[in-house]
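Letter by letter, the chains look like this.
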Amino acid sequence: MTMARLKHHLIPRLSTRQFGFMPQRSTEDSLYILMQHIKSKLNEKKIVTLISLDIEGAFDSAWWPAIRTRLAEEKCPIVLRKVVDSYLCDRKVKVRFAGEECNKTTTKGCVQGSIGGPVLWNLILDPLLRTLGDSGAYCQAFADDVVIVCDGERATEIEREANAILELVRAWGVDNKLKFAPHKTMAMVITKKLKYDTPRLTMGGTAIKMVNEIKILGVTIDAGLTFNAHVANVCRKAINIHKQLAKAAKTSWGLHPEVIRVIYVATVEPIILYAASVWAPAVSKLCVMRQLATVQRGIAQKLCKAYRTVSLNAALVLAGILPLDLRVREAALLYEAKRGIPQPILGGWEVERMASALEAPHPAERRELELVSLANREEVDANSNFAVRIFTDGSKIEGKVGAALSIWNGESETKTLKLALPSFCTVYQAELLALSRATGVILGQKAATFGIYSDSMAALLTIKNHGCLHPLAVEARSNLAALSRQGKVVRLFWIKAHVGLEGNERADGLAKEAALKSKRKPDYDLCPVSFVRRSIRLATLDEWNRRYMSGETAAVTKLFFPNAVAAYRIVRKLETTNIRTQFMTGHGGFSEYLERFRCKDNPSCICDPNARETVPHVLLECPVFDQERVQLEIEIGTKLEKHNIKDLMSGKHRDRFLQYCELITRKVIVRNKT
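Note that the coordinates shown come from a computational prediction; the quantities given were computed from them, not determined experimentally. (Residues numbered from 1 in each chain as written. Predicted model: local features only at pLDDT ≥ 70, side-chain atom pairs only at ≥ 80, totals over all residues. Heavy atoms only, no water.)

### Brief notes about a negative patch on the surface
Line of reasoning, step 1. The grouping of E378, E379, D381, E411 and E502 at the surface amounts to a negative patch.
Line of reasoning, step 2. Top element by residues in the negative patch is helix 13 (residues 377-382). It accounts for three residues.
Line of reasoning, step 3. Relative to the elements of secondary structure, E502 occurs in helix 17 (residues 502-517).
Line of reasoning, step 4. In this structure E502 comes out as exposed when scored by relative accessible area, which is 55%. (Patch = residues over 30% accessible without salt bridge, like charges linked within 9 Å, V, L, I, M, F, W, Y side chains within 5 Å. Areas by Shrake-Rupley, 256 points an atom, 1.4 Å probe, with all protein chains shown as cover. Salt bridge = Lys/Arg side-chain N within 4 Å of Asp/Glu carboxyl O. Lys, Arg positive; Asp, Glu negative; His and termini not counted. Charge placed at Lys NZ, Arg CZ, Asp CG, Glu CD. Helix = DSSP H or I, 4+ residues; strand = E, 2+ residues; numbered from the N terminus. Buried < 20%, exposed > 50% of the residue type's maximum accessible area, 1.4 Å probe, protein only.)

Right under this line is the structure:
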């Protein structure tokens, strides 16, 4: 609780250029803003110099007198300062080695892994960030990783400015017992100019090394902003994971495809997609697309138990995973949408964003909200002795969304309120809106006791959780705090839906009416992230489908799945087996395939020396399997032809058709083995 109060006091005062251990800021935020600044300067045709500073033993070197001074400068309450003084007082370092023990008093260091260490470090570093900002230089930090960006028309201009800043940094470090390591500090020139001089930078008399690549927060930034080196690095990591999978997952034995899928989603994709918004433009380059395809092809083949000769096009469709370059673009678009950057795909609608954590109430003012679950009518009746009862509900019907309040005084309904939302909103949003408006309605009531009843446990728990910053939940908690200060008693209750409770049924009916009949302007129209994600995914699927259909590979797979979007919905419902993959790709125990790799003398079928033994031939034409084919046609009530295979894969006879395909494929494989 002490650290929560300390954070509440300090964090709003700290520089916005600090991204580490700050609420609602991340490494991707830091990198994205840095790259946007660099790109803006390049568009102004400036020469940009990026400097990455290194602090030796940063957390271990945090000087305690500096911490105490900073707490006083920020006018931290005396009570909290005394707690921190107590925390830093009389601390010793104990070392045991070779049977001996040594104790030494220490006056520096933020305990790594502690709750307060990051806050105290940010407190120490804050004056440097503010000083650099006042000097006109662009700077930012993520914990102890500090980056400075200098720009100018000429190298001499940058050299003069940057060296003055580096001297300022060194002097600040001396004053605060922190040592900047010039031999580990690196600088890089970024420019669109063909001819330019390289600035000569020094810190404390030591020359700063000029490089062509700098790794910042896990992303390798190169002088040309091509991000080729970064892509190569992440692809190398992902390929190493594939090499491990290759040992434990073969076409006919090994790890289950779902286990491989979990490994792919939990390890490979996060490695590739990290900070996608920073380097996403690079995926439009053919060389980058090829590297990503190389990573994904092997894993997709493992997922669908295919042979190594199966094309990426076919493997992705049968594995049910999207191309990595499209996933990178998808992640970048979603990140930008969450930041409030307008996206054409949303048609001008604003995305719902979380409320600012900096505006959260003081920990001492956070009233613990009580939530009671009422399982039956008897319990509801026992908790109905309130002057005013408000039943809330949200509904989505026929693609339309609405919410409503039913206000009761005693046994009679006194007022209703219908709320309309756009069709892209969710029931969850509707439930939260109803609860938020219910707390607002109470503010204008003269009664002293109120009961709010909702059948949405998710919405109630969101309001109860002070850590959740959904704007509607924040509004509801603010209203409840105001009501508490007025001396009014408000209780939250969860009740079962559709069990005959009059107030709940009435609210449900009103919510449906609001959804279906409302013609007025929506009462709440912010896009949920789920809608944004779904819209981006639909655009991604369309692009993938265009590639798939126009591609020259996966001819056999297109017989079963001519449309990648339809396949994406179907393949996850199917059990992945080696046999199924063989007949869906044509890469398996068929004479045509075996002859290509010199495993058989000719590609002909036993039914006719002039007929090539391919998947379409054995499934649709080969007289050897007429009996099985006729039996299938009788059962499904239609003739088996090329043009209706796709319909069978999406229809009610899919399982029976797949059973037939597996039977024929097994017989062909056995025959060709002998």
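### Observations regarding the side chain of H230
Line of reasoning, step 1. For H230, the position within the fold is in helix 7 (residues 228-248).
Line of reasoning, step 2. Owing to a relative accessible area of 1%, H230 belongs among the buried residues under this scheme.
Line of reasoning, step 3. Not counting chain neighbours up to four residues away, the residues in contact with H230 comprise G218, V219, T220, Y274 and W279. (Contact = heavy atoms within 4.5 Å.)

### Brief notes about the nonpolar core
Line of reasoning, step 1. Ranked by size, the top nonpolar core spans 149 residues in total, and within it I38, L50, I148, I272, F560, F561 and F657 carry the most contacts.
Line of reasoning, step 2. The leading source of residues in this core is helix 5 (residues 117-134), at nine residues.
Line of reasoning, step 3. The contact partners of F561, leaving out residues within four places of it in the chain, are V317, L318, Y548, A567, I570, V571, L574, M584 and M649.
Line of reasoning, step 4. Among the nonpolar cores identified, the runner-up in size contains 43 residues, and L346, L421, A476 and I536 belong to it. (Core = buried A, V, L, I, M, F, W, Y, C linked by side-chain atoms within 4.5 Å.)

### Some points on helix 17
Line of reasoning, step 1. In this model, helix 17 (16 residues) spans 22 Å end to end at C-alpha, consistent with the 22 Å of a helix rising 1.5 Å per residue.
Line of reasoning, step 2. Lining the buried residues of helix 17 we find strand 13 (388-397), strand 14 (400-409), strand 15 (412-421) and strand 17 (489-495). (Expected span 1.5 Å × (residues − 1).)

### A few points about the sheet that holds strand 17
Line of reasoning, step 1. A sheet is described by the order of its strands in space; here six strands give the open sequence 12-17-16-13-14-15, paired in mixed fashion. The strands lining the two open edges of the sheet, one partner per strand, are strand 12 (371-374) and strand 15. Recorded for the sheet is a direction-independent mean angle of 25° between the axes of neighbouring strands.
Line of reasoning, step 2. Bridging between strand 16 (residues 449-454) and strand 17 involves six bridges; their strand directions are parallel. Within the sheet, the bridge partner assigned to T449 lies in strand 17 and is V489.
Line of reasoning, step 3. On top of the sheet, helix 17 reaches strand 13, strand 14, strand 15 and strand 17; it is set at about 145° to strand 14, its chief contact. (Pairing = 2+ DSSP bridges. Axes fitted to C-alpha atoms, helices over the stretch in contact; angles between N-to-C directions.)

### A word on the packing of aromatic side chains
Line of reasoning, step 1. What the rule picks out here adds up to 15 aromatic pairs.
Line of reasoning, step 2. Ring centres of F59 and W121 lie 5.4 Å apart, and the angle between their planes is 25°; this geometry places the pair in the stacked category. Of this pair, F59 sits in the loop between strand 1 (47-53) and helix 3 (64-73) while W121 sits in helix 5; the two residues are 62 residues apart in sequence, bridging distant segments of the chain.
Line of reasoning, step 3. Relative accessible area serves as the criterion here: at 13%, F59 is assigned to the buried category.
Line of reasoning, step 4. Accessibility expressed as a relative area gives 0% for W121, which makes it buried.
Line of reasoning, step 5. Taken together, F386, F391, W408, Y453 and F493 form an aromatic cluster joined through their ring pairs.
Line of reasoning, step 6. Above the plane of the ring of W63 lies K177, whose end atom (NZ or CZ) is 5.1 Å from the centre.
Line of reasoning, step 7. Taking NZ or CZ as reference, K558 lies 5.5 Å from the ring centre of Y548, over its face. (Phe/Tyr/Trp six-rings, centres within 6.5 Å; stacked < 30°, edge-to-face > 60°. Lys NZ or Arg CZ within 6 Å of the ring centre and 35° of its normal.)

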